[in-house]
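Chain by chain, the residues:
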Amino acid sequence: MSEIVVDGESLPFTEGQTVAAALVAAGRVAWRTTRVGRRPRGVFCGIGVCFDCLLTIDGAGGQRACLVPARPGMTVTTEEGDDE
Amino acid sequence: MSEPADLLVVGAGPAGMAAAATALAGGLRVVLVDSGAAVGGQYWRHPPAHARAAIPTDDLHHGLRGYRALCEALSAGRAAGRLELRLAHHVWSAVREDDGFAIHVVDRRRAPQETAGVLRAPKLLVATGAYDRQLPFPGWDLPGVLTVGGLQALLKGGGVAAGSRVALGGTGPFLLPVAAALASRGVEVVAVCEAAHPSAWLRHPGPLLRNPRTWAEGAGYATALARRRVRFRPRTAITGAEGGDRVTAVRIASLRPDGSPRPGTERHVEVDAVGVGWGFAPQLDLLVPLGCALTDSADGNAVVVVGGGQRTTVPGLYAAGETCGVGGAALAVGEGRLAAESVLADSGAAPAPGPKRLAGVRSAVARHRAFARALALAHPIPPAWSSWLTDETVVCRCEEVTAGAIRTARAEGGADDHRQVKQLTRAGMGWCQGRMCGPAVHCLTAGQRGYEPAERLVATPVTLGALADLDP
Ligand SMILES: Cc1cc2nc3c(=O)[nH]c(=O)nc-3n(C[C@H](O)[C@H](O)[C@H](O)COP(=O)(O)OP(=O)(O)OC[C@H]3O[C@@H](n4cnc5c(N)ncnc54)[C@H](O)[C@@H]3O)c2cc1C
């Protein structure tokens with residue numbers, strides 16, 4: 001199985017899965033904190049419309065986890081604590 | 001493809017695939033663009049081609065013969081050098097030019113890297129489909145609460161189930177395939193809460209009886225669900241979700257005819273994931289700024305006005321599939337075919353040779369449209385749905401605007417549509433640009449008036465860096 005690195009820890013995924021699918025497969029449905037209410041958020045619409053699943057991928061912020069295919073060695077940072 | 005294209009098709013779902021295949025059969029040069037990693041759209045969503053063995057999903061699909069035939073037609077078009085297929089390309093804007101259309105794309109094949117580009121052709125067909133329509137309820141922003149389509153997309157695209165004990169709720173026939181798909185992957189589907197009553201179907205029996213294939217598909221799901229002891233609960237709704245870091249339970253209530261919960265019927269059911277959906281909302285982001293006329297459809301959505309040949313009110317611009325009204329994959333395929341036939345006729349080309357005569361496609365499309373209308377009338381948004389909300393319920397997920405704030409904007413600020421609410425509260429101003437909360441905010445303020453979606457000039461965010469690299 002291939003792996004991505006999420007907040008410093010390796011996470012296995014099946015080639016072909018998105019970053020969101022890899023996280024959900026590992027039991028994680030939330031990885032972001034909202035700006036105002038500090039509430040946990042993660043995958044909601046699954047098709048790139050709602051922007052709830054944002055995280056940082058290889059240094060690029062504001063990425064939709066449900067759209068970006070996971071690739072071996074990809075570095076993912078969650079908990080931006082911010083929508084911007 | 002070295003020569004310029006005759007037709008741009010945005011969206012490679014059932015509608016866009018059928019349109020591209022038909023246009024290719026008629027001899028046109030086509031560019032087919034989709035943001036996804038594979039063709040198929042929502043209905044035929046698949047993992048990318050190289051991952052099909054590792055993520056088997058064939059058993060979750062219907063009509064795979066039609067899908068494969070379309071895939072073959074597209075492959076042949078590519079081999080002949082007349083189809084340029086651009087996957088992982090997001091169209092963020094479409095504009096009219098003197099001699100046709102230009103679409104602005106971001107190439108995300110190496111995401112998160114992105115490259116901008118422009119594609120041009122004399123004719124444009126928009127087949128961008130739809131997304132789940134949502135109604136807020138207390139706790140719908142808890143992790144583990146997803147759209148029903150989101151649950152299905154994770155299953156069909158990635159082979160993963162988002163929970164092990166799942167409740168589904170909302171309205172419409174789409175709840176059934178998702179329940180069946182989850183159950184087939186060993187998920188315990190604890191309830192399917194359908195707000196409508198099945199007897200509502202009997203009010204418009206004609207179109208339903210004229211679509212035996214749809215009956216058969218429905219009966220197939222009913223059998224599959226009964227075998228797995230999935231409880232289908234008509235006239236009920238998920239009126240709340242509870243939990244801390246993740247949903248742990250839902251509240252399910254029986255509904256009165258107006259959709260308000262019957263007092264004393266509420267019960268708690270433990271779950272670790274929830275799927276909700278109230279039909280679909282057409283994805284009109286590219287079409288609205290192009291200036292084509294919209295109209296209200298039976299399900300309360302704004303849809304693109306098209307004539308019998310799928311021509312919009314803008315010359316050279318065509319639409320097919322759920323942008324013209326939600327109606328399922330078979331309708332989308334038929335409309336895609338009709339749209340491409342119009343493109344052929346308007347380009348002075350001969351009709352595409354094919355197994356099915358055009359008149360047959362037209363009558364099938366008319367039948368499916370009538371069926372979709374009957375379904376929409378049988379599965380309305382319950383008029384009293386907002387009685388589930390408390391003042392603290394988040395309505396706009398992005399900007400975290402509550403129902404209380406929106407009610408205040410209406411009562412004290414005089415706001416009577418989603419645009420005014422946005423100015424007063426920021427609802428609809430965040431990342432999703434009101435795609436999730438728009439219909440709900442509209443219902444909360446404008447009552448029975450038709451919903452007109454906001455004009456969004458950018459269909460997907462694009463980085464300035466990608467634009468800077470763009471050749472003029
Ligand atoms: C998440 C989801 C899951 C669904 N699953 C099922 C199911 O399992 N069974 C069922 O019967 N029905 C399902 N449906 C209903 C489905 O909408 C239709 O039945 C059918 O797929 C409609 O076909 P279409 O060609 O009109 O649009 P779609 O299939 O939605 O295809 C539209 C395509 O356009 C692309 N697109 C949209 N905007 C852009 C853009 N700006 N740039 C580039 N590409 C773009 C999308 O990526 C998509 O591939 C689902 C709907 C949703 C929203």
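Residues numbered from 1 in each chain as written. Chains lettered and ligands numbered in written order. Predicted model: local features only at pLDDT ≥ 70, side-chain atom pairs only at ≥ 80, totals over all residues. Heavy atoms only, no water.

Asker: How would you explain empty space enclosed by the protein if you had to name every residue and give the values?
Answerer: Any empty space left between atoms is shown by rolling a water-sized probe over those atoms. Residues and elements named next belong to chain B. Following the criterion strictly, the structure yields four cavities of 30 Å³ or more and no others. Computed from the structure, the largest cavity encloses a volume of approximately 120 Å³. Taken together, 16 residues form the lining of the largest cavity, with Tyr131, Pro282, Leu284, Tyr451 and Pro453 sitting closest to its centre. Partitioning the lining of the largest cavity into residue classes produces ten nonpolar, two polar and four charged. (1 Å grid on protein atoms, 1.4 Å probe; cavity = no way out; pocket = protein on both sides within 12 Å on 5 of 7 lines; lining within 4 Å. Points joined across faces, edges and corners; volume = space filled by probe spheres on them. Nonpolar A, V, L, I, M, F, W, Y, C, P; charged D, E, K, R; others polar.)

Asker: Help me get a handle on the confidence of the model for chain A, residues and values and all.
Answerer: Of all residues in chain A, 94% have pLDDT values of 70 or greater, and the mean over the chain is 93. Averaged over each element, pLDDT in chain A is lowest for strand E6 (residues 60–64) of chain A (95) and highest for helix H1 (residues 19–25) of chain A (98). (pLDDT = per-residue confidence, 0-100. Helix = DSSP H or I, 4+ residues; strand = E, 2+ residues; numbered from the N terminus.)

Asker: Lay out the sheet that holds strand E9 (residues 145–147) of chain B with the relevant residues and their values.
Answerer: Two pairing modes exist for strands in a sheet, parallel and antiparallel, and in both the strands are linked by backbone hydrogen bonds. Residues and elements named next belong to chain B. A sheet is described by the order of its strands in space; here five strands give the open sequence E9-E16-E10-E11-E12, paired in parallel fashion. If you trace the sheet from one side to the other, it starts and ends with E9 and strand E12 (232–234), each paired once. Between one strand and the next, the sheet's axes are offset by a mean angle of 20 degrees, whatever the strand orientation. For strand E10 (residues 165–171) and strand E16 (residues 273–278), the ladder comprises six bridges, and the chain directions are parallel. Bridge pairing in E16 places Thr171 opposite Trp278. On the sheet, helix H3 (residues 148–158) packs against E9, E10 and E16 and is oriented at approximately 85 degrees with respect to E9. Sitting on the sheet, helix H4 (residues 175–184) is in contact with E10, strand E11 (188–194) and E12, with an inclination near 170 degrees to E10. (Pairing = 2+ DSSP bridges. Axes fitted to C-alpha atoms, helices over the stretch in contact; angles between N-to-C directions. Contact = heavy atoms within 4.5 Å.)

Asker: Just give me the short version of the pairing of E11(B), but keep the residues and values in it.
Answerer: Residue and element names in this part refer to chain B. Extensive coverage of E11 is indicated by the burial of six of its seven residues. Remark: the E10/H4/E11 crossover connection has right-handed handedness. Pairing geometry for E11 and E12, over three bridges, is parallel. When the sheet's bridge partners are listed, Val192 is paired in E12 with Phe232. (Buried < 20%, exposed > 50% of the residue type's maximum accessible area, 1.4 Å probe, protein only. Right-handed = clockwise from strand over helix to strand, strands pointing away.)

Asker: Break down the interface of chain A and chain B for me, with residues and values.
Answerer: Every contact between the two is made by 40 residues of chain A and, on the other side, 47 residues of chain B. Carbon and sulfur atoms supply 61% of the area that chain A and chain B bury against each other, a total of about 3300 Å² over both sides. Our enumeration of links across chain A and chain B arrives at three salt bridges. In this structure, Asp52(A) engages Arg397(B) in a salt bridge whose closest nitrogen and oxygen atoms are separated by 2.6 Å. At the boundary of chain A and chain B, one finds twelve residue pairs in polar contact (both at pLDDT 80 or more). (Buried area = accessible area lost by both parts, 1.4 Å probe. Salt bridge = Lys/Arg side-chain N within 4 Å of Asp/Glu carboxyl O. Polar contact = N/O pair within 3.5 Å; in protein donor to acceptor, adjacent residues only side chain to side chain.)

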